[in-house]
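Chain by chain, the residues run as shown.
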Amino acid sequence: MARGATIGAALLAGWLACMGPASAVAGRWELITGMRLKEEYNDNVYLLEQPLPGETITTMSADISAVRRDERTFFQMSGSLSAVGYSRSTGADSWDQEYRMSGSHSVTERLQLGGAAALIRDSRPDRDVESGGLVTSGLIRWQEQLSLNASYRNTPRTSSDLSYQLANQYYQGRETSDSLSHSVAVSVLHHLGWWLPNDTVSVEGNYGTTDYWTSTVASGQALAGYGFAIDELWRLSFGVGLDYSTTRFQEWRPAGLRTVPEFPFPVLVYALGDASSSELGWIARMLLDYHGEKVTASLQWGRDTYSSGEYGGLLSRDRILFRGERRLSEKATFSLLGEYIRFRSMDEDLVFAALDERTWRLGPGLRYRLGRDVDLAAEYAFTDRRNQVTGGESRQNKVSVTLSYDKDLLQ
């Protein structure tokens, strides 16, 4: 796999360091250090249909973040190291790492440039359930990510965005799950004006390619959207579009009758040949937001495609996600998460196994500020995973308590 993200991160750091030398002196710096201790009980770490005995998982984390900001420039660089220990599966103990860098700079009043880079090492088998909804293996995974973007305000009511993303994933001990993807996206957002001051229309398009162990997927999407404020607290936005993907791979094909020394008669011989398949589908999304004095909530629904190296290709994803928070007092906040995701293989011949999987998640939480720099959080998460192909079902209950300390050393 190419180390494009690592090289890109170095270029990004140099570019950001050279931006606005005068503002670097006048900019405000923050140096934030953090420590976290998390104690968790998980009754089905691997989300197996026949679960193993429950585990107590202890995670100790230390992180540091440097931030500089002024009127035109923002820059942040952070690093995190986590020691993860299991009470039973001691062979799964690991040192997870995460390094990130991001920044933006207003070149003119209309043009803003930005970028981000990340290097991540993780190993938890349920690491992608929260972010994507899939259960993966417990292998060590390295991720390299790079993104570059440019935003331009064409007129007082119209703005355009152009972005590029690179994502490189490789698994220690299993090259068949590795993947490398590139994508380019462009969007235009227009405010309708004085007669509908809170309404917007948008057009988005993107194109990307992903290289897997046995195939290469190229896909393009186009989506048109509309958004408006229902009142001062509620806002609704939605969009609909098309997705077209092409997959190139190799398959065994009959190459004709051949005479071989081992047989007295001609035999049918097979040879690898190039093949491809294509898929045309629809994508959509909807977002309902609420922002009150004590309550914030969002409800999302969407249909899109999801790239998975461990499942060997492109998957169709339907997702409903609810997030809400209520401030109980100046120190206490209650949160609630609910999610439903369905994954389906777009072409059963191209992934390692046919997939039709549904996952439910429900998770309440409570966060309490013990002091200026210290927080205590308690969370519960329930996950139900059903395989529609095999009829299997697995469930997971997870309870955790986290003590966090964050301090700005320059204050």
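Residues numbered from 1 in each chain as written. Predicted model: local features only at pLDDT ≥ 70, side-chain atom pairs only at ≥ 80, totals over all residues. Heavy atoms only, no water.

**Topic: the confidence of the model for the protein**
Step number 1: In the predicted model, the protein carries a mean pLDDT of 86, and the fraction of residues at 70 or more is 86%.
Step number 2: Contacts for the low-pLDDT stretch residues 1-5, under 50 throughout, to residues beyond four places or in other chains number 19 contacts.
Step number 3: Of the regions scoring below 50 in pLDDT, residues 20-25 engages in six contacts with residues more than four places distant in sequence or in other chains. (pLDDT = per-residue confidence, 0-100. Contact = heavy atoms within 4.5 Å.)

**Remarks on the side chain of Glu55**
Step number 1: Along the polypeptide, Glu55 turns up in strand 2 (residues 55-69).
Step number 2: Among buried charged residues, Glu55 stands out as having no salt bridge; its nearest opposite-charge side chain is Arg88, 5.5 Å away.
Step number 3: Of the polar contacts made by the side chain of Glu55, one reaches the backbone nitrogen of Arg88; its length is 2.8 Å.
Step number 4: Those residues in contact with Glu55, other than ones at most four positions away along the chain, are Glu40, Tyr41, Asn42, Val45, Tyr86, Ser87, Arg88 and Ser89. (Helix = DSSP H or I, 4+ residues; strand = E, 2+ residues; numbered from the N terminus. Buried < 20%, exposed > 50% of the residue type's maximum accessible area, 1.4 Å probe, protein only. Lys, Arg positive; Asp, Glu negative; His and termini not counted. Salt bridge = Lys/Arg side-chain N within 4 Å of Asp/Glu carboxyl O. Polar contact = N/O pair within 3.5 Å; in protein donor to acceptor, adjacent residues only side chain to side chain.)

**Some details on the pattern of salt bridges**
Step number 1: Per the counting criterion, the structure on display carries 22 salt bridges.
Step number 2: Salt-bridge contacts for Asp406 lead to Arg36; the nearest nitrogen and oxygen are separated by 3.1 Å. One end of the pair, Asp406, is in strand 18 (residues 393-408); the other, Arg36, is in strand 1 (residues 28-42), and 370 residues separate them in sequence.
Step number 3: Where Asp304 meets Arg317, a salt bridge forms, and the shortest distance between an N and an O atom there is 3.0 Å. Of this pair, Asp304 sits in strand 13 (residues 295-308) while Arg317 sits in strand 14 (residues 313-327), and the two are 13 residues apart along the sequence.
Step number 4: A residue is classified by how much of its surface remains accessible, and Asp304, at 29% relative accessible area, is partly exposed.
Step number 5: We classify Arg317 as buried; its relative accessible area is 11%.
Step number 6: Here the salt bridges do not stand alone but share partners, grouping Asp384, Arg386, Glu393 and Arg395 into one network.

**Thoughts on the pairing of strand 2**
Step number 1: Here strand 1 runs beside strand 2; their pairing, made up of 15 bridges, is antiparallel. By the bridge assignment, Lys38 is partnered in strand 2 with Thr59.
Step number 2: Pairing of strand 2 with strand 3 (residues 73-86), which is carried by 13 bridges, proceeds in the antiparallel orientation. If you follow Ser61 over to strand 3, its bridge partner there is Ser82.
Step number 3: Hairpin connection between strand 2 and strand 3: a loop of three residues separates the two successive antiparallel strands. (Pairing = 2+ DSSP bridges.)

**Observations regarding the pairing of strand 8 (residues 179-193)**
Step number 1: By the bridge criterion, 12 bridges tie strand 7 (residues 158-171) to strand 8 in an arrangement that is antiparallel. Residue pairing in the sheet places Tyr164 in a bridge with Val184 of strand 8.
Step number 2: Note: strand 8 against strand 9 (residues 196-211), 13 bridges, orientation antiparallel. Among the inter-strand pairings, Val184 is bridged to a residue of strand 9, identified as Tyr207.

**With respect to the packing of aromatic side chains**
Here a ring pair, both rings aromatic, is described through the centre-centre distance and the interplanar angle of the planes.
Step number 1: Taken as a whole, this structure holds five aromatic pairs when the rule is applied.
Step number 2: Pairing Tyr226 with Phe228 gives two aromatic rings, centres 6.1 Å apart and planes at 45°, and the pair type is tilted.
Step number 3: For Tyr226, a relative accessible area of 25% gives the class partly exposed.
Step number 4: Seen from their ring centres, Tyr226 and Phe238 are 6.2 Å apart, and the 40° between their planes marks the pair as tilted. Taken as a pair, Tyr226 in strand 10 (residues 215-229) and Phe238 in strand 11 (residues 234-258) lie far apart in primary sequence, 12 residues in all.
Step number 5: By relative accessible area, Phe238 is classed as partly exposed at 39%. (Phe/Tyr/Trp six-rings, centres within 6.5 Å; stacked < 30°, edge-to-face > 60°.)

**A closer look at the environment of Glu55**
Step number 1: Using a relative accessible area of 4% as the deciding quantity, one classes Glu55 as buried.
Step number 2: Residues Glu55 and Tyr41, spaced 14 residues apart in sequence, show a C-alpha to C-alpha distance of 5.8 Å.

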